[in-house]
Amino acid sequence: MKVRVRVHAGARVAKTERRGDELHVWVNAPPVDGKANLQVIERLAELYEIPRSSVRLASGQASRTKVFDLDGVPPGRRTT
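About the cut-offs
- Residues numbered from 1 in each chain as written.
- Predicted model: local features only at pLDDT ≥ 70, side-chain atom pairs only at ≥ 80, totals over all residues.
- Heavy atoms only, no water.
- Core = buried A, V, L, I, M, F, W, Y, C linked by side-chain atoms within 4.5 Å.
- Buried < 20%, exposed > 50% of the residue type's maximum accessible area, 1.4 Å probe, protein only.
- Helix = DSSP H or I, 4+ residues; strand = E, 2+ residues; numbered from the N terminus.
- Pairing = 2+ DSSP bridges.
- Axes fitted to C-alpha atoms, helices over the stretch in contact; angles between N-to-C directions.
- Contact = heavy atoms within 4.5 Å.
- Polar contact = N/O pair within 3.5 Å; in protein donor to acceptor, adjacent residues only side chain to side chain.
- Expected span 1.5 Å × (residues − 1).
- Salt bridge = Lys/Arg side-chain N within 4 Å of Asp/Glu carboxyl O.

*Asks:* Sorry, what's going on with the nonpolar core here?
*Replies:* Most often, soluble globular proteins keep nonpolar side chains buried together rather than apart. Counting 18 residues, the largest nonpolar core has V5 and Y48 as its most contacted members. Considering each element in turn, this core owes the most residues, seven residues, to helix α1 (residues 35-48).

*Asks:* Looking at this model, I keep getting lost on the sheet that holds strand β4 (residues 55-59). Mind explaining?
*Replies:* Note on sheets: strands pair through backbone hydrogen bonds, and any given pair is parallel or antiparallel. Strands sit in the order β2-β3-β1-β5-β4 across an open sheet of five strands; the sheet is mixed. The open sheet terminates on both sides in strands that have one partner only, identified here as β2 (15-19) and β4. With strand direction ignored, the average angle separating the axes of adjacent strands in the sheet is 35°. In this structure, strand β1 (residues 2-8) lies alongside strand β3 (residues 22-26), joined through four bridges in parallel fashion. Residue V7 lies in a different strand from β3, and its bridge partner there is V25.

*Asks:* Whenever I open this one, the environment of P75 confuses me. Can you help?
*Replies:* As for its position among the elements, P75 is in the segment after β5 (65-70). Taking C-alpha positions, P75 is 9.8 Å from Y48, a pair spaced 27 residues apart along the chain.

*Asks:* Which parts of the structure should I look at to understand the environment of N28?
*Replies:* The residue N28 is located in the loop between β3 and α1 in this model. Spatially, the C-alpha atoms of N28 and G76 are 28 Å apart, while their sequence positions differ by 48 residues. Beyond its immediate chain neighbours, meaning those up to four positions away, N28 contacts G10, A11, R12, V13, A14 and Q39. In this structure the side chain of N28 is engaged in a polar contact, spanning 3.1 Å, whose partner is the backbone oxygen of R12.

*Asks:* How should I be thinking about α1 in this particular structure?
*Replies:* Owing to its 3.6 residues per turn, the α-helix aligns residues three or four sequence positions apart on the same side. Between its terminal C-alpha atoms α1 stretches 20 Å, which fits the 20 Å expected from 14 residues at 1.5 Å a residue. All buried positions along α1 are accounted for by A36, N37, V40, I41, L44, A45, L47 and Y48. Looking at the residues trailing α1, positive phi occurs at E49, about 55°.

*Asks:* Quick question: what am I supposed to make of the pattern of salt bridges here?
*Replies:* In total, this model carries six salt bridges according to the counting rule given. E42 is the salt-bridge partner of R52, the closest N and O atoms lying 3.7 Å from each other. Of this pair, R52 sits in the loop between α1 and β4 while E42 sits in helix α1, and the two are ten residues apart along the sequence. According to the relative accessible area criterion, E42 is partly exposed, its value standing at 39%. Where R56 meets D71, a salt bridge forms, and the shortest distance between an N and an O atom there is 2.6 Å. Pair noted here: R56 is in strand β4 and D71 is in the segment after β5, with a separation of 15 residues, a long-range link.

Spelled out as structure tokens, the structure:
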């Protein structure tokens, strides 16, 4: 399953919100050395109830808009 994510790094409050076809994820980590990407991976794994190893960054390593590949998402969690 592919998920398009808009990352808001360096946020005071970590949260997740669906806006249209994008998932907006606010993380506390700064956008330095991949720290924000790692927090987004952790958040997606928690949100979709899958292991972190099942979340891969497909595109957008240095961009605010990213695409993640998620493996093994339970059917009931696909629309989150």
